[in-house]
Amino acid sequence: MPEKKTRKAAAKDKREGKSASTQAGEYVHEEIEHVREGKHGAKNAKQAIAIGLSKARRDGVKAKPGKSASKATKKKAAKETAASKSKKKPSSTRSAGAKKALKTASKKTTAKKAVGKKALSTQTKKAAKKRTASSRSAAAKKAAKTKGPAVRKAAAKKAARTRAKKG
């Protein structure tokens, strides 16, 4: 069950007209924090992200699976979206089983390692590599447009600092 602050943050993003992936990001952040705190485990960063997206969809966020997603993933996403519209209470036995499985996952792998900075960075780079250069460029341009002037200025300053360090 998502925390109240996560739901509020996602609702705020929706009001501000932000994309479904941004709204879902709130749930993913929460999930990563849960793994880091040791509430439950995850085999890797990808699993933690998948759990967060699942929670988001079940909470009504219209996050669609990616174009390259498998049939199984698309089917699961459709089920989660349908579950968000349903008023039926989830099975307590199934929920308990899922929680138990995640708890044991935290014992098998080092939870912090699964969603550590390095693991998340690797996952992000892998995901970005699958996209075309034009797709990444379009996303960056869109992001620049949606930011306010103050945020754009701060980003430009940071970029300049980074370039200065490298060169």
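Remember, it's a predicted structure, so these values are computed and weren't measured experimentally. (Residues numbered from 1 in each chain as written. Predicted model: local features only at pLDDT ≥ 70, side-chain atom pairs only at ≥ 80, totals over all residues. Heavy atoms only, no water.)

1. A few points about the overall build of the chain
Moving on, step 1. Helix and strand counts for the chain come out as nine helices and zero strands.
Moving on, step 2. In the chain, the order of α-helices and β-strands from amino to carboxyl end is α-α-α-α-α-α-α-α-α.
Moving on, step 3. Each principal axis of the C-alpha distribution contributes one length, and for the chain these read about 55 × 35 × 30 Å.
Moving on, step 4. Here the chain holds 167 residues, and 22% of them are scored as buried.
Moving on, step 5. For the chain, the share of sequence-separated contacts (at least 6 apart) that also reach a separation of at least 24 residues comes to 63%.
Moving on, step 6. Only carbon and sulfur atoms are counted for the fraction: they give 58% of the accessible area of the chain, which is about 12,700 Å².
Moving on, step 7. Distance from the positive charge centre (55 side chains) to the negative charge centre (10 side chains) of the chain: 8 Å. (Helix = DSSP H or I, 4+ residues; strand = E, 2+ residues; numbered from the N terminus. Buried < 20%, exposed > 50% of the residue type's maximum accessible area, 1.4 Å probe, protein only. Contact = heavy atoms within 4.5 Å. Areas by Shrake-Rupley, 256 points an atom, 1.4 Å probe, with all protein chains shown as cover. Lys, Arg positive; Asp, Glu negative; His and termini not counted. Charge placed at Lys NZ, Arg CZ, Asp CG, Glu CD.)

2. Thoughts on the packing of helix α3 (residues 45-58) against helix α7 (residues 117-130)
Moving on, step 1. As a packed pair, α3 and α7 sit with axes 9 Å apart at the nearest point and diverge in direction by 75 degrees. Taken together, the axes of α3 and α7 lie roughly perpendicular to each other. Contacts from A45, K46 and I49 in α3 reach A119, L120, Q123 and K130 in α7.
Moving on, step 2. When the residues that make up the contact of α3 with α7 are grouped by side-chain class, the tally is four nonpolar, one polar and two charged. (Axes fitted to C-alpha atoms, helices over the stretch in contact; angles between N-to-C directions. Parallel < 35°, antiparallel > 145°, perpendicular 65-115°, else oblique. Nonpolar A, V, L, I, M, F, W, Y, C, P; charged D, E, K, R; others polar.)

3. Details of the pattern of salt bridges
Moving on, step 1. One pass over the full model with this rule turns up eleven salt bridges.
Moving on, step 2. A salt bridge links E16 to K12; the shortest N-O distance between them is 3.3 Å.
Moving on, step 3. For E16, a relative accessible area of 43% translates into the label partly exposed.
Moving on, step 4. Two residues, E31 and K55, come together in a salt bridge whose shortest N-O distance is 2.9 Å. A residue pair is termed long-range when its members are at least 10 positions apart, and E31 in helix α2 (residues 20-37) and K55 in helix α3 qualify at 24 residues. The residues E31 and K55 share a single accessibility class, namely buried. (Salt bridge = Lys/Arg side-chain N within 4 Å of Asp/Glu carboxyl O.)

4. As for the environment of K8
Moving on, step 1. Following the sequence through the fold, K8 ends up in helix α1 (residues 4-15).
Moving on, step 2. For K8, a relative accessible area of 58% translates into the label exposed.
Moving on, step 3. Each C-alpha atom of the pair K8 and K85 lies 19 Å from the other, and the pair is 77 residues apart in sequence.

5. Brief notes about the side chain of H34
Moving on, step 1. Position of H34 among the secondary structure elements: in helix α2.
Moving on, step 2. Among the residues examined, H34 registers a relative accessible area of 7% and is labelled buried.
Moving on, step 3. If sequence neighbours within four positions are ignored, H34 has contacts with E3, K39, H40 and K55.

6. Side note on the confidence of the model for the chain
Moving on, step 1. On average, residues of the chain carry a pLDDT of 88, and 95% of them reach 70 or more.
Moving on, step 2. Across the chain, the secondary-structure element scoring lowest on mean pLDDT is helix α6 (residues 111-114), at 73, and the one scoring highest is α1, at 94. (pLDDT = per-residue confidence, 0-100.)

7. Let's talk about a positive patch on the surface
Moving on, step 1. Taken together, the side chains of K46, K125, K126, K129 and K130 present a region of like positive charge at the surface.
Moving on, step 2. Note that K46 resides in helix α3. (Patch = residues over 30% accessible without salt bridge, like charges linked within 9 Å, V, L, I, M, F, W, Y side chains within 5 Å.)

8. A look at the nonpolar core
Moving on, step 1. Counting eight residues, the largest nonpolar core consists of V28, I32, V35, A42, A45, A48, V115 and L120.
Moving on, step 2. The set of elements that each furnish at least two residues to this core consists of α2 and α3.
Moving on, step 3. Core analysis: the next-biggest nonpolar cluster, separate from the first, contains six residues, A10, A24, A56 and V61 among them. (Core = buried A, V, L, I, M, F, W, Y, C linked by side-chain atoms within 4.5 Å.)

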